Each structure stands twice: as C-alpha cells, then as structure tokens.
Amino acid sequence: MGKVLVTGGAGFIGSHVVDQLVEQGKEVIIVDNLSTGKLEYVNQSELVSFYEVDITEKEKLEDVFFTQQGITDIIHLAAQSKVGPSVENPIMDATINIDGTIHVLEFARQYGIKTFIYASSAAVYGPVDTLPIKEEEKLQPLSPYGVSKLAAEEYIKAYGRLYGFDVFALRFANVYGPRQSIATEAGVITIFIDQLLAGKQVVVYGDGEQTRDFVYVEDVAQAVLRCLLSEGNVNEMVFNVSTNTETSIASLLQILCNGVGVSYTPQFEEERPGDIKVSYLANDKLKSTLGWKPTVSLEQGLEKTIEWSKRR
Ligand SMILES: NC(=O)c1ccc[n+]([C@@H]2O[C@H](COP(=O)([O-])OP(=O)(O)OC[C@H]3O[C@@H](n4cnc5c(N)ncnc54)[C@H](O)[C@@H]3O)[C@@H](O)[C@H]2O)c1
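Residues numbered from 1 in each chain as written. Predicted model: local features only at pLDDT ≥ 70, side-chain atom pairs only at ≥ 80, totals over all residues. Heavy atoms only, no water.

(A) Spatial organisation of the packing of aromatic side chains. Evaluation of the coordinates by the stated rule reveals 5 aromatic pairs. Aromatic side chains Y159 and Y163 sit 5.4 Å apart centroid to centroid with 55 degrees between the ring planes, which places their arrangement in the tilted category. With Y159 and Y163 both in helix α5 (residues 144-163) and 4 residues apart, this pair spans about one turn of that helix. Three or more aromatic residues joined by ring pairs form one cluster here, namely F65, F107 and Y111. Over the ring of F239 we find K285; its NZ or CZ atom is 5.4 Å from the centre of that ring. (Phe/Tyr/Trp six-rings, centres within 6.5 Å; stacked < 30°, edge-to-face > 60°. Helix = DSSP H or I, 4+ residues; strand = E, 2+ residues; numbered from the N terminus. Lys NZ or Arg CZ within 6 Å of the ring centre and 35° of its normal.)

Shown next as structure tokens:
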C-alpha cells in the first residue's frame, strides 16, 4: 500500500483516523483548510505531511497529488458538516461538499488511486418509518446538508464504477468524543459537558425523550481502517457506522451529570422545528462484512470526553 490522503485530517474525526493510520505505520498526507480543524490535532509523526489547502482550490489540490506521488488511498472527510449553515447558505454547502468532492475525485482518477473511503451521514436518510435504519432504507434527506452528502456519495460510487476503484461510503451516526467542537450540531455532548463544567444551566429542547445513536470517535476511526485494510475487490460498499442503540437526550444528560458530579436539573425548552424524534442505525452489515464492532460503551466514551474537556 502507498500513501494515504486524508482530507479533513485536522478535524475531529479526521485527526483520530490519522492517529490510527500512524499507529499502523502508514504514510499519511493531510489536506485541510483549517476552517474548523486545528493544527494542534494534527499528528506530529514524521509519517505525516500536512497541507493547508482548500479542496475547492483545484490547482493547490493538484500540487499536493503531484508533489506527493504514490497516493493509493483516499479517506475523504473534509466537508461543511453542519445542517444549519446548509439551510442558510446551500450554495456554500454544495460548493464544498459536492464540487469539492468532485475535485478530489478527479485527482483520484488522474493519479490512479485504489480505494476511496467517504464520510457520509445518517442525514441522507431523513424521516423513516422503520427503526433501526438499515442501509437499504429509502433516502429522502431533509436538509441541503443531507442532499450534498448523498450527492457526493453518488458521485463517488459513479467514479468507482467508471474508473474501477473500490468505494466505501460510511454513513456515520452521531459521532462524539475528544476534539469535537461545540460549534457543531452533532456536538451536543461537548456542549452539555462544557455547560455542566462551567456550572451553567443545561437547556434541553423538547421533552428530552428524543433519541439518537451515539458512536465513539475511536470506534468510527476503526471502521474507516477496517475498510482501508479490507482484502479483495469490494467495488462499492455502503455501511452505517453506529451502535444500533438509541439513547434519549435525557438519559445522556443524566450520565453526564453523574460523570461531572453535578445534579440533574435541566431546563426544558420548546422543541426545535425539524428535529427528528427518534433515530438509530442498524450496524449488522458492517459487523458481518468486515468484523467491526463498537468497543467503547457510552459510559466509557463519555468519561473519556469529560476528561478531555476538563484538560482543555
Ligand atoms: N461528527 C459527526 O457526528 C458526523 C456525522 C456524520 C457525518 N460526519 C462527516 O464526517 C466528516 C468529518 O466531520 P467532523 O465531525 O470531524 O467535522 P470537522 O468539522 O471537525 O471536520 C471537517 C474537517 O474538514 C476541514 N474542511 C472543511 N472544509 C474544507 C475545505 N473546503 N477544504 C479542506 N478542508 C476542509 C475542516 O477544517 C475540518 O478539519 C464530515 O464529512 C462530516 O460530514 C460527521
């Protein structure tokens, strides 16, 4: 195997992926514009080369491929990853998530890469009737973000078919853990922890009974590595990366209060429009195909996240 290009490698999930690649002795090239990522999260190993480049800047992106001959695998995580801004500015969202992805794909094709792994999202499903959500569920995203993640998935699959590289589209549930920014909607856990540590009143929108599927970031990084290291010609694989478990916001907050050592006294406010009531994703396909399973329980993961938040 040659070099692995990780777009978004200075971000929350990307930096954990890079850490695990380095542990495996892989040579890693990071492309990140540091819009939400941080240099301090970038692994300092000599196996890692970092380029502050925006994936929408075609020439600069090409320079990376040209300078770093021998990239065989791409893990594409760079994205505008928030629902709110995608609703306010869908053109910006599409420019990064769709056009940016096509730029990366074009160089993947020109430089003959072997495997393309993409960070898709549960947002591609939208409202469903049946839980847990399986990969074959109908796709009817509710936000421009969900649409751009789905469009990018389809472009990647089409490029895989056209140019013969192996494609993995990983639909992440709610990923949490150290290095997650409070600026993301998915960062509800980091937001709660920060508020609890600061002795502030925690606000819960709705009755707290809405559920989500929280998966620990190191387990997600493990799933990415399983795909990268999988043997054989897979052509095209779509997997949920999840715990197959639903956790209510109220019980999540209860665990966090215990972990931080404060009493559970949330303030409930009116439900936000568009919030999905219940959601969790089946993970049998990834388990049976690649032997992956989540290894970090919610309690363990939250404890690690609280420890990290205290050290910040
Ligand atoms: N965190 C979650 O719960 C979750 C759930 C589903 C899918 N995802 C997907 O996983 C991926 C990583 O998300 P994350 O939570 O780590 O978010 P993040 O914002 O921490 O990571 C995104 C990274 O991409 C970089 N980036 C953004 N736009 C860029 C551009 N135009 N050019 C180059 N770099 C750019 C950012 O600086 C950042 O380092 C995203 O594709 C996101 O859509 C995340």
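(B) Looking closely at the layout of surface pockets. Estimated volume of the second largest pocket: approximately 150 Å³. Of the residues in the lining of the second largest pocket, the class split is 7 nonpolar, 5 polar and no charged. Shared between two domains, the lining of the second largest pocket takes at least three residues from each, and those domains are domain 1 (3-174 + 214-241) and domain 2 (177-213 + 244-311). (1 Å grid on protein atoms, 1.4 Å probe; cavity = no way out; pocket = protein on both sides within 12 Å on 5 of 7 lines; lining within 4 Å. Points joined across faces, edges and corners; volume = space filled by probe spheres on them. Nonpolar A, V, L, I, M, F, W, Y, C, P; charged D, E, K, R; others polar. Domains from an automatic or database assignment.)

(C) Layout of the site of the ligand. Around the ligand, the surrounding shell holds 30 residues, and the nearest of these are I13, D32, T36, Y145 and K149. N33 is positioned with one of its backbone polar atoms (N or O) 3.1 Å from a nitrogen atom of the ligand. Burial of the ligand by the protein chains amounts to 95% of its free accessible area of 820 Å². Of all elements in the fold, only α1 (12-23), β5 (115-121), α5 and β7 (174-176) reach the threshold of two or more residues within the shell around the ligand. Among the elements that take part in the shell around the ligand, β5 stands out by supplying 3 residues, more than any other. (Near = heavy atom within 4 Å. Polar contact = N/O pair within 3.5 Å; in protein donor to acceptor, adjacent residues only side chain to side chain. Areas by Shrake-Rupley, 256 points an atom, 1.4 Å probe, with all protein chains shown as cover.)

(D) Summary view of the pairing of strand β4 (residues 71-76). Burial runs high along β4: 5 of the 6 residues are buried. With 4 bridges connecting them, β4 and β5 associate as parallel partners. By the bridge assignment for β5, I74 is matched with F116. (Buried < 20%, exposed > 50% of the residue type's maximum accessible area, 1.4 Å probe, protein only. Pairing = 2+ DSSP bridges.)

(E) Highlighting the nonpolar core. Counting 42 residues, the largest nonpolar core has I13, V17, L21, I75 and F172 as its most contacted members. Residue assignment for this core shows that the elements contributing at least two residues are β1 (3-7), α1, β2 (28-32), β5, β6 (166-172), α7 (217-229), β11 (236-241) and α9 (284-290). Looking at this core, you find at least three residues from each of domain 1 (3-174 + 214-241) and domain 2 (177-213 + 244-311). Beyond its immediate chain neighbours, meaning those up to four positions away, I75 contacts V4, L5, V6, T7, V17, L21, I117 and V224. (Core = buried A, V, L, I, M, F, W, Y, C linked by side-chain atoms within 4.5 Å. Contact = heavy atoms within 4.5 Å.)

(F) Spatial organisation of the domain arrangement of the protein chain. You can read the domains of the protein chain as domain 1 (3-174 + 214-241) and domain 2 (177-213 + 244-311). Between domain 1 and domain 2, the C-alpha centre-to-centre distance is 23 Å. Contact with domain 1, which involves 37 residues of that partner, is made by 37 residues of domain 2. The contact between domain 1 and domain 2 buries some 3,200 Å² in all, and 66% of this surface belongs to carbon and sulfur atoms. (Buried area = accessible area lost by both parts, 1.4 Å probe.)

(G) Structural detail: unusual backbone geometry. Cis geometry marks the peptide bond from L131 to P132; its omega dihedral reads -10 degrees. Tracing the chain through its elements places P132 in the loop between β5 and α5. Non-glycine residue L34 carries a positive phi angle of around 60 degrees. Inspection of the secondary structure puts L34 in the loop between β2 and β3 (48-52). Despite not being glycine, R179 has its phi angle at roughly 80 degrees, a positive value. Inspection of the secondary structure assignment puts R179 in the loop between β7 and α6 (188-197).

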